[in-house]
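Now for the letters of each chain:
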Amino acid sequence: MPTEDFGRLYEAHVRHIYDYLYYRTHHRETAEDLTSLVFTKALEHLGSFDEEKAFAPWIYRIARNALIDHWRTARPTANLEDVWDALRAGGDIARDVDAKTRLADVEALIMTLPSATREIVLLRVWDGLSHAEIAEIVGKSESAVKMTYSRAIAGLRRRAPLAVALLFLIK
Amino acid sequence: MPTEAQLKEVLADLYAIDPGLAAHETDLRALVSELLDARPDTRFDERFARELKEKLLLRLAEHESRRPWFAALLRPRILAPVGALVLLVAVAASIQTGPLMTSDRLAMNGFGMAPSLAPGAFGSLALPAGGLGSESARSFRPQSGGGGAAAAVPAPAAMEAAAGDAKMIAPGEWRPTYLKYSYQGEAFELPQGAIDVFRRVRGAGAPLPAGLERLSGGLIDFGRFSGQLDTFTINEDRAFGYSLSVALGEGSASVAQNWPKWPHPELSCRDEACWSQYRLRAEDVPADADLIAAAERFLSDYGIDRSAYGDPAVQDEWRVQYLRAEDASQAYVPESVSIVFPVVIDGRPAYDEGGNPAGLYVTYSVRHRRVDGVWNLTSLRMERSSYEAVADTGTILKIAERGGLYGPSVYEQGAEVLGAALGTPERVLFRTYVQNPDGLGSSELYVPALRFPVVSAPTRPDVYVPKAIVIPLAAELLSSAGAPIGIPRPMPLMETK
């Protein structure tokens, strides 16, 4: 792949990949380290990238694997895939204060979702990816992703209608 | 809080999957709003992204440098118009001596981290006697393979009077006109302590390709010479062919019209009637978006890496004078318009001493409606060294008041002084040249600077107004800028009819 092409792809995706990793670690330095790792791995494996296909799902898959490796290294005895799993497992997790404050109201809700479901919901609502892209990243069919997503939102609505509605009205 | 548009988008997506959810819109709006609102602020650091990009591209370049140097030339689109000569040289070089430009290919790719040298490693930054516009200053600028399009040091404003206007100035009426700037922007801070100054690392010659002696044609025995290949030119033998000039030692290349292969019907004119039919009009110049698109296409087609450059801009100073001209039909319209891609180092764009973007220039022929040149394509490997930064904003503003480093600190008696205003500055880089400490040659430096936009100025047609004033932040540069530059006077001119 020509240098200028890689440069352009980097510019187009570095912010998204960093955000993706931050949403799942809540720690800036960790997100930056993982972002470096992701793009380094992408560079090393450029030969295996099919230039006929979209770059985004490919780089997100690398990011997802890097994230899982990170949490499993941090807590080898626990089955962790993101910061939410780590919070649920308890213990001291390095998190930026801003993130903690901002998420205080909905953290409990998000943590009620299973890992795989939570991932799909956050990829859609926070990362803004399409169902097709999410399907490629998580390795499911697009229809399965849509179903998981809509059922998760419906479930969240049932679990916390009043509290969330009150917060919404207050704000 | 999320916007209504964001909420609607998410809800519409949900209802498309499960229309039954629409019955719970109130709850869903609250929930989705809360989820969107809770999304953390990731505090993305642009500097981190830039530094990571540099590291990655350097690694990629190191990998690519192991490929034969002519691999890029063998892309079909490039190979077709290139003469047999370069292919012979390439094949001979690769077979006999290995890749022609291994380390220089890395250099020519235009990126790379800037290793840090000892403080003050580039020697004195002081301006030469007479300032930037002096002969001694101009002698520092290398004659590279690229012609460059850097702005000349502007003379007093009246000297730029009405370019293209047929009426010339009669003797006795001229007096110098200066702009005096007042700062009307917000308070700004200066970096504390030292600043990083960047120096461009030049290239190096290449081993002479074996078999070169076969090209001598009996003129002289090339094989008797040892040394390195430095400059060479390739001329395309086709209609609208280009001439590629490369200076390996300088680390630069340029592209120009292969003059004999481009039509120049206007040169055969001998009278006004003939010239008139070839006179260009402002409406012949394409829109900026089209010019930029053409330039970007050319760079892409010819494998010129843009990763070290910022967003391009069209240089349209000619249009200012055109719009002010009394007779537009006689006003100057350039044969070629330049599109500049400013070089970006450490996240900051670079400017020259005239306050114009400094970087890669692509020229577009208005007459022939195609790109006809690429200038100042250079290797952009940098070194850095720290220098003392100016600590006092008053010093900066004093120099900005007179129009920058080359502005006069005293006005000639009888000069006309007009007022202009400067806005809040942005941090940029200032490109300058200094003599090397050993006295041999010069170095191209990029010094952290402030760029003050000109926010109001006279609109008289005889007054040249720059878009901005750029003031470098190196204390030594500013302290040496005190002496006024000699004020040039025009030769006596006769009025034409």
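What counts, and where the lines are drawn
Residues numbered from 1 in each chain as written. Chains lettered and ligands numbered in written order. Predicted model: local features only at pLDDT ≥ 70, side-chain atom pairs only at ≥ 80, totals over all residues. Heavy atoms only, no water. Helix = DSSP H or I, 4+ residues; strand = E, 2+ residues; numbered from the N terminus. Buried < 20%, exposed > 50% of the residue type's maximum accessible area, 1.4 Å probe, protein only. Contact = heavy atoms within 4.5 Å. Areas by Shrake-Rupley, 256 points an atom, 1.4 Å probe, with all protein chains shown as cover. Disulfide = S-S within 2.5 Å. Axes fitted to C-alpha atoms, helices over the stretch in contact; angles between N-to-C directions. Parallel < 35°, antiparallel > 145°, perpendicular 65-115°, else oblique. Left-handed = near helix turned anticlockwise from the far one by under 90°. Polar contact = N/O pair within 3.5 Å; in protein donor to acceptor, adjacent residues only side chain to side chain. Phe/Tyr/Trp six-rings, centres within 6.5 Å; stacked < 30°, edge-to-face > 60°. Lys NZ or Arg CZ within 6 Å of the ring centre and 35° of its normal. Pairing = 2+ DSSP bridges. Buried area = accessible area lost by both parts, 1.4 Å probe. Salt bridge = Lys/Arg side-chain N within 4 Å of Asp/Glu carboxyl O. Nonpolar A, V, L, I, M, F, W, Y, C, P; charged D, E, K, R; others polar. Core = buried A, V, L, I, M, F, W, Y, C linked by side-chain atoms within 4.5 Å.

Describing the overall build of chain A
Now for step 1: Of regular secondary structure, chain A possesses ten helices and zero strands.
Now for step 2: In chain A, the succession of α and β elements from N to C terminus is α-α-α-α-α-α-α-α-α-α.
Now for step 3: Out of the 171 residues belonging to chain A, those deemed buried represent 53%.
Now for step 4: Long-range pairs, those at least 24 residues apart, make up 57% of the contacts in chain A between residues at least 6 apart in sequence.

Observations regarding the overall build of chain B
Now for step 1: What chain B contains, in helices and strands, is twelve helices and 18 strands.
Now for step 2: For chain B, buried positions account for 47% of its 497 residues.
Now for step 3: Of the contacts made within chain B by residues no fewer than 6 positions apart, 71% connect residues no fewer than 24 positions apart.
Now for step 4: Surface summary for chain B: the accessible area is close to 24100 Å², and the carbon and sulfur share equals 54%.

Looking at the state of the cysteines
Residue and element names in this part refer to chain B.
Now for step 1: Counted by the stated rule, this structure contains one disulfide over all chains.
Now for step 2: Between Cys269 and Cys274 runs a disulfide, and the two sulfur atoms are separated by 2.0 Å. In this structure the cystine formed by Cys269 and Cys274 twists about its S-S bond by roughly -65 degrees; its chirality is therefore left-handed.
Now for step 3: Residue Cys269 is classed as buried on the basis of its relative accessible area, which comes to 4%.
Now for step 4: For Cys274, a relative accessible area of 16% puts it in the buried group.

Digging into the environment of Gly249 of chain B
All names here are of chain B.
Now for step 1: By secondary structure assignment, the location of Gly249 is in the loop between β6 (242–247) and β7 (252–257).
Now for step 2: For Gly249, a relative accessible area of 23% gives the class partly exposed.
Now for step 3: Distance in space between the C-alpha atoms of Gly249 and Thr231 is 7.6 Å, their sequence separation being 18 residues.

Here's the deal with the packing of helix α7 (residues 115–125) of chain A against helix α8 (residues 131–138) of chain A
All names here are of chain A.
Now for step 1: α8 packs onto α7 with a crossing angle of 140 degrees between their chain directions and a minimal axis gap of 10 Å. On the basis of their axis angle, the class for α7 and α8 is oblique. The crossing of α7 and α8 is right-handed. Within the contact between the two elements, α7 uses Glu119, Ile120, Leu123 and Arg124 and α8 uses His131, Ile134 and Val138.

Things to note about the side chain of Glu444 of chain B
All names here are of chain B.
Now for step 1: Its location among the elements puts Glu444 in strand β17 (residues 442–456).
Now for step 2: Within the structure, the side chain of Glu444 is placed 2.9 Å from the side chain of Arg200, a separation counted as a polar contact.
Now for step 3: Once you skip the residues sitting within four places of it in the chain, Glu444 turns out to touch Phe198, Arg199, Arg200, Arg202, Arg431, Thr432 and Tyr433.

Examining the packing of aromatic side chains
Now for step 1: Scanning the model with the defined rule gives 18 aromatic pairs over all chains in all.
Now for step 2: Ring centres of Trp84 of chain A and Trp126 of chain A lie 6.3 Å apart, and the angle between their planes is 50 degrees; this geometry places the pair in the tilted category. Taken together, the residues Trp84 of chain A in helix α4 (residues 83–89) and Trp126 of chain A in the loop between α7 and α8 connect sequence positions 42 residues apart.
Now for step 3: By relative accessible area, Trp84 of chain A is classed as buried at 0%.
Now for step 4: Judged by its relative accessible area of 3%, Trp126 of chain A falls in the buried class.
Now for step 5: Relative to Phe188 of chain B, the ring of Tyr183 of chain B lies with its centre 5.6 Å away and its plane at 85 degrees, an arrangement referred to as edge-to-face.
Now for step 6: Taken together, the ring pairs connect Phe240, Tyr242, Trp262, Phe298 and Tyr302 of chain B into an aromatic cluster.
Now for step 7: The side chain of Arg370 of chain B reaches across the aromatic face of Phe240 of chain B, ending 3.7 Å from its centre.

Overview of the pairing of strand β13 (residues 370–378) of chain B
All names here are of chain B.
Now for step 1: Across the nine residues of β13, seven count as buried, placing the element largely inside the fold.
Now for step 2: Bridge analysis of β7 against β13 gives three bridges, and the strand direction is antiparallel. Within the sheet, the bridge partner assigned to Val255 lies in β13 and is Val374.
Now for step 3: As judged from the five bridges shared by strand β12 (residues 359–365) and β13, these two strands associate in the antiparallel manner.

Here's the deal with the interface of chain A and chain B
Now for step 1: The partner chain B presents 39 residues to the 49 residues of chain A that form the contact.
Now for step 2: When chain A packs against chain B, the two sides together hide about 4400 Å² of surface, and 66% of this comes from carbon and sulfur.
Now for step 3: At the junction of chain A and chain B, the tally comes to five salt bridges.
Now for step 4: At the junction of chain A and chain B, the tally comes to 14 residue pairs in polar contact (both at pLDDT 80 or more).
Now for step 5: Of all elements in the fold, only α1 (3–23), α2 (28–44), α5 (97–103), α6 (107–111), α7, α9 (142–159) and α10 (161–170) of chain A reach the threshold of two or more residues within the side of chain A that touches chain B.
Now for step 6: Looking at which element gives the most residues to the side of chain A that touches chain B, the answer is α1 of chain A, with twelve residues.
Now for step 7: A class-by-class count of the residues in the side of chain A that touches chain B yields 27 nonpolar, seven polar and 15 charged.

Here we look at the nonpolar core
Now for step 1: Ranked by internal contacts, the top residues of the largest apolar core, which has 75 residues, are Leu21 and Ile59 of chain A together with Leu14 of chain B.
Now for step 2: When residues in this core are grouped by element, the largest group, ten residues, is from helix α3 (residues 55–74) of chain A.
Now for step 3: Excluding residues that lie within four positions of it along the chain, Leu21 of chain A makes contacts with Ala31, Leu34, Thr35, Val38, Ala63 and Leu67 of chain A.
Now for step 4: Membership of the second largest hydrophobic core comes to 45 residues, among which are Tyr242, Leu299, Leu380 and Tyr446 of chain B.

Quick look at the packing of α9 of chain A against helix α2 (residues 25–37) of chain B
Now for step 1: Between α9 of chain A and α2 of chain B, the shortest axis-to-axis distance is 10 Å and the interhelical angle comes to 105 degrees. Of the possible angle classes, the one that applies to α9 of chain A and α2 of chain B is roughly perpendicular. Contacts between α9 of chain A and α2 of chain B involve Ile153, Leu156 and Arg157 of chain A on the former and, on the latter, Asp27, Leu28, Leu31 and Leu35 of chain B.
Now for step 2: By residue class, the composition of the contact of α9 of chain A with α2 of chain B is five nonpolar, no polar and two charged.

So, unusual backbone geometry
All names here are of chain B.
Now for step 1: One non-glycine residue, Arg43, adopts positive backbone phi at about 55 degrees.
Now for step 2: Inspection of the secondary structure puts Arg43 in the loop between α2 and α3 (46–64).
Now for step 3: Under the relative-accessibility criterion, Arg43 is labelled partly exposed at 31%.
Now for step 4: One non-glycine residue, Phe240, lies in positive phi territory at about 60 degrees.
Now for step 5: For Phe240, the position within the fold is in the loop between β5 (231–235) and β6.

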